[in-house]
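Structural characterization, general
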Amino acid sequence: MLEVSGLNSWYDESHILHGMDFEVREGECVTLLGRNGAGKTTALKSIMGLVPKRTGSIKFKGVEMINARPDIVGRAGIAICPEERGIFAGLNVTENLMLPPVIAPGGMTIEEIHTLFPNLKERAKSPGTKLSGGEQQMLAIARILRTGAKLLMLDEPTEGLAPVIVQQIGLMIAEIKRRGFTVLLVEQNFRFASKLADRHYVVEHGQVVDMIPNHELEARMDDLHKRLGI
């Protein structure tokens, strides 16, 4: 579904990604693992067209997207849930949920979203930024599930959340994968990611330095500990 090859990205004069290569197959959950500053978030923003200076190749369903604007990328079927969540303070939960346009069939209905996230139904009329951190994360993810996007990129969805909420987010990701969505997950919580992903790409200094299928994790733990500092 997604093929990234030789991807270089810059913020002004800062060269962040140095020839990054990875792929995501349809229906997979794939993680980018790495320490802070490794380039994981920049990779997601580059795919979404949010980094102005990029070279290399980003193909989505065989179509080259390296020069595409963010709106074109979004309408092609890629959605991003940023780490900062992007909840609008002037809108209530339902208004935040309904804000993005539906770009293709196959998205979840409001009823399905409320079944998956009962908290959002209970807080439907609450201002979006008055929700707890965990509820805001649920809202940010739910908002893109409506759109019909087929590749969901989630940036640090468990950051700063209580363990019980982390568990809920994990169950939610497992459910949307079961429903046929494809997930590209940036995570520092390795134990969380290991329960969800089919494959893990290890990122260092803006490059993919290793790919580990989930069934090989146990045998590769010592190496991962050294690379990730866990």
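Attention here is on the structure that accompanies the text. None of these values were measured; they are calculated from a predicted model.

About the cut-offs
- Residues numbered from 1 in each chain as written.
- Predicted model: local features only at pLDDT ≥ 70, side-chain atom pairs only at ≥ 80, totals over all residues.
- Heavy atoms only, no water.
- Helix = DSSP H or I, 4+ residues; strand = E, 2+ residues; numbered from the N terminus.
- Rg over C-alpha atoms; globule rule 2.2 N^0.38 Å.
- Buried < 20%, exposed > 50% of the residue type's maximum accessible area, 1.4 Å probe, protein only.
- Contact = heavy atoms within 4.5 Å.
- Lys, Arg positive; Asp, Glu negative; His and termini not counted.
- Charge placed at Lys NZ, Arg CZ, Asp CG, Glu CD.
- Pairing = 2+ DSSP bridges.
- Axes fitted to C-alpha atoms, helices over the stretch in contact; angles between N-to-C directions.
- Salt bridge = Lys/Arg side-chain N within 4 Å of Asp/Glu carboxyl O.
- Core = buried A, V, L, I, M, F, W, Y, C linked by side-chain atoms within 4.5 Å.
- 1 Å grid on protein atoms, 1.4 Å probe; cavity = no way out; pocket = protein on both sides within 12 Å on 5 of 7 lines; lining within 4 Å.
- Points joined across faces, edges and corners; volume = space filled by probe spheres on them.
- Nonpolar A, V, L, I, M, F, W, Y, C, P; charged D, E, K, R; others polar.

1. Side note on the overall build of the protein chain
Within the protein chain one finds 9 helices and 10 strands. Taking 230 residues into account, the globule formula puts the C-alpha radius of gyration at 17 Å, and the protein chain, at 17 Å, falls close to it. Principal-axis analysis of the C-alpha atoms gives the protein chain an extent of 45 × 40 × 30 Å. Burial analysis of the protein chain (230 residues in total) assigns 50% to the buried set. Sequence separation of at least 24 residues holds for 67% of the intrachain contacts in the protein chain that already meet a minimum separation of 6. Considering the protein chain, the positive charge centre built from 27 side chains and the negative charge centre built from 28 side chains are found 4 Å apart.

2. Examining the sheet that holds strand β7 (residues 151–155)
Read across the sheet, 6 strands follow the order β6-β7-β8-β3-β9-β10 without closing on themselves; strand pairing throughout is mixed. Strand pairing shows two members of the sheet lacking a second neighbour, β6 (78–81) and β10 (207–213), which therefore form its edges. For this sheet, the mean inter-axis angle between neighbouring strands, taken without regard to orientation, is 20 degrees. Sheet topology places β6 next to β7; 4 bridges connect them, and they run parallel. Across the sheet, residue Ile 78 finds its bridge partner in β7, namely Leu 151. Each of β3 (29–33), β7 and β8 (182–187) touches helix α7 (residues 163–178); the most contacted strand, β8, lies at about 155 degrees to it.

3. As for the pattern of salt bridges
Here the structure, examined in full by the defined rule, presents 12 salt bridges. Glu 28 is paired through a salt bridge with Arg 199; the nearest N and O atoms lie 2.8 Å apart. Here Arg 199 lies in strand β9 (residues 199–204) and Glu 28 lies in the loop between β2 (14–24) and β3, a separation of 171 residues in the sequence. Judged on exposure class, the residue Glu 28 and its partner Arg 199 are both buried. A salt bridge links Asp 198 to Lys 177; its shortest N-O distance comes to 3.0 Å. With Asp 198 in the loop between α8 (190–194) and β9 and Lys 177 in helix α7, this residue pair connects regions lying 21 residues apart in the sequence. Overlapping salt bridges, with partners in common, bring together Glu 23, Arg 25, Glu 28 and Arg 199 in one network.

4. Some details on the nonpolar core
What tends to happen in soluble globular proteins is that the nonpolar side chains get buried as a cluster. Among the nonpolar cores identified, the biggest contains 42 residues, and Leu 120, Leu 152, Leu 154, Ile 173 and Leu 185 are the most heavily contacted of them. Residue contributions to this core peak at 7 residues, all from helix α6 (residues 133–145). Counting 28 residues, the second-largest nonpolar core is a separate cluster that includes Val 24, Leu 32, Met 65 and Leu 184.

5. Comments concerning the layout of surface pockets
What the largest pocket holds in volume is close to 600 Å³. Every residue lining the largest pocket is counted, 27 residues in all, and those nearest its centre are Met 48, Ala 79, Ile 80, Pro 100 and Ile 144. When residues of the lining of the largest pocket are traced back to their parent elements, those giving at least two are α1 (40–48), α2 (70–76), β6 and α6. Its residues placed into classes, the lining of the largest pocket shows 16 nonpolar, 4 polar and 7 charged. One number sums up the size of the second largest pocket: a volume of about 190 Å³. What lines the second largest pocket is simply Pro 163, Val 166, Gln 167, Gly 170, Leu 171, Ala 174, Asn 189, Phe 192, Lys 195 and Leu 196. The dominant element in the lining of the second largest pocket, judged by the number of residues it contributes, is α7, at 6 residues. Residues that form the lining of the second largest pocket fall into these classes: 6 nonpolar, 3 polar and 1 charged.

6. Observations concerning the environment of Ile 78
Relative to the helices and strands, Ile 78 is located in strand β6. Given the relative accessible area of 2%, Ile 78 is considered buried. Here the alpha-carbon distance between Ile 78 and Leu 152, two residues 74 residues apart in the chain, equals 6.2 Å. Discounting residues that sit within four places of it in the chain, Ile 78 has contacts with Ile 47, Met 48, Phe 60, Val 73, Ala 149, Leu 151 and Met 153.

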